[in-house]
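# Analysis of the macromolecular model
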Amino acid sequence: MSQSVENKISIIIPVYNVEKYLKRCLDSLLSKQSLREIELICIDDESSDNCPKILDEYAKNDFRVKVIYKKNEGQGVARNEGLKIATGEYVFFVDPDDWIEPNTLQICYDKIKAEDSDVLFFNAIKHYEKVNKIVKYDYIAPYKKFNGKPFHPLDAKDVLYKTSAHVFKIYKRKSLLKYKFQYAERKCWEDHLPYFCFLANCEKISTLNKNVYNYLIRNNSSTFTFSNMIEMFFVDFFECEQALLNTKYGKYVINGFLDYKLNNFFKYLKILPLNKKVCFYNKMKSVINYIEQNYGEDIINSNRYGYKLQMIKKYPIFLYIIKRIKLIIQTSI
């Protein structure tokens, strides 16, 4: 294949100490795809294992692989660097410990190209490494009411932010540039800000009801570390909320965003160790007050966790936990 062929998809992969998984990821994107007009932009974030050696080997054997070496600044900064040099018609962000099914790139390209959408959502397969469990993840479930047809964000404002994983999507590159898509420069929740704002700016969303992306959940991955997690959770909330209000459709979809964040609070409250729960819980009180003051108390009451939110306003963390345990016992009898 000539090197002058225009790239249909740019695949951006941030790489950091994943030598155990990297070859599987790269092979799934290169040798198991019928779509050949692609580029893999791998950004090594100062790996200390054999990742640089692996990347150099693949770049030497396949001109479609481009490698950038940079100092460690996190996945968000790495993805931004990759986006700067991407040339493809579409962009696909892939995590280096994940992999895709054969022919996925051609299937996704044909779908988003035919429907001329800003972004394509698709389903995934979750692999839980520690317990060796595999679960099919119906990522597009909230959008099935559109029967596989493209839809406008405002038509889906009630479900637009039901899901947020940035890797189960392919984006039109012109749309990413138009709406100034850029990951936050932090190491936790760096993908929320650009994703929420992109959906509140774009005009057309497509879905593909196929499980084509394999998502590995590792115990020691960045998703499950608690360093700076509490502070960044609330930094992310306020950054996203303010940025959304400056988007084209932000004021129409803001309630969906608030609902997503409030629901997420209970997810992280559950997995945090007790000593971190206290700080997280207390900070959430201020967020609840902020939402009520700026958006009305009905936002809290209408949330499916409304009764829990009201408990947070009323009780300190230990009383909250005791009352939750009592409620669980009562409902299980």
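Residues numbered from 1 in each chain as written. Predicted model: local features only at pLDDT ≥ 70, side-chain atom pairs only at ≥ 80, totals over all residues. Heavy atoms only, no water.

For the structure on display, the rule yields 37 aromatic pairs. Arranged with centres 5.4 Å apart and planes meeting at 90°, the rings of Phe168 and Tyr215 form a pair that is edge-to-face. On the criterion of sequence distance, the pair formed by Phe168 in the loop between strand 7 (133–137) and strand 8 (169–172) and Tyr215 in strand 9 (residues 205–217) is long-range, its members being 47 residues apart. The exposure class of Phe168 is buried, given its relative accessible area of 1%. Summarising the aromatic geometry, the rings of Phe265 and Phe266 are spaced 5.0 Å apart at their centres and angled 65° between planes, so their arrangement reads as edge-to-face. Note on Phe266: relative accessible area 8%, which makes it buried. One aromatic cluster is present, built from ring pairs that chain together Phe92, Phe121, Phe122, Tyr137, Tyr139, Tyr143, Phe146, Phe151, Phe168, Tyr213 and Tyr215. Positioned over the ring face of Trp99 is Arg24, at 3.7 Å from the centre of the ring. Here Lys126 stacks its cationic end above the ring of Tyr137, 4.2 Å away from the centre of that ring. (Phe/Tyr/Trp six-rings, centres within 6.5 Å; stacked < 30°, edge-to-face > 60°. Helix = DSSP H or I, 4+ residues; strand = E, 2+ residues; numbered from the N terminus. Buried < 20%, exposed > 50% of the residue type's maximum accessible area, 1.4 Å probe, protein only. Lys NZ or Arg CZ within 6 Å of the ring centre and 35° of its normal.)

No statement about biological role is implied by the geometric values presented.
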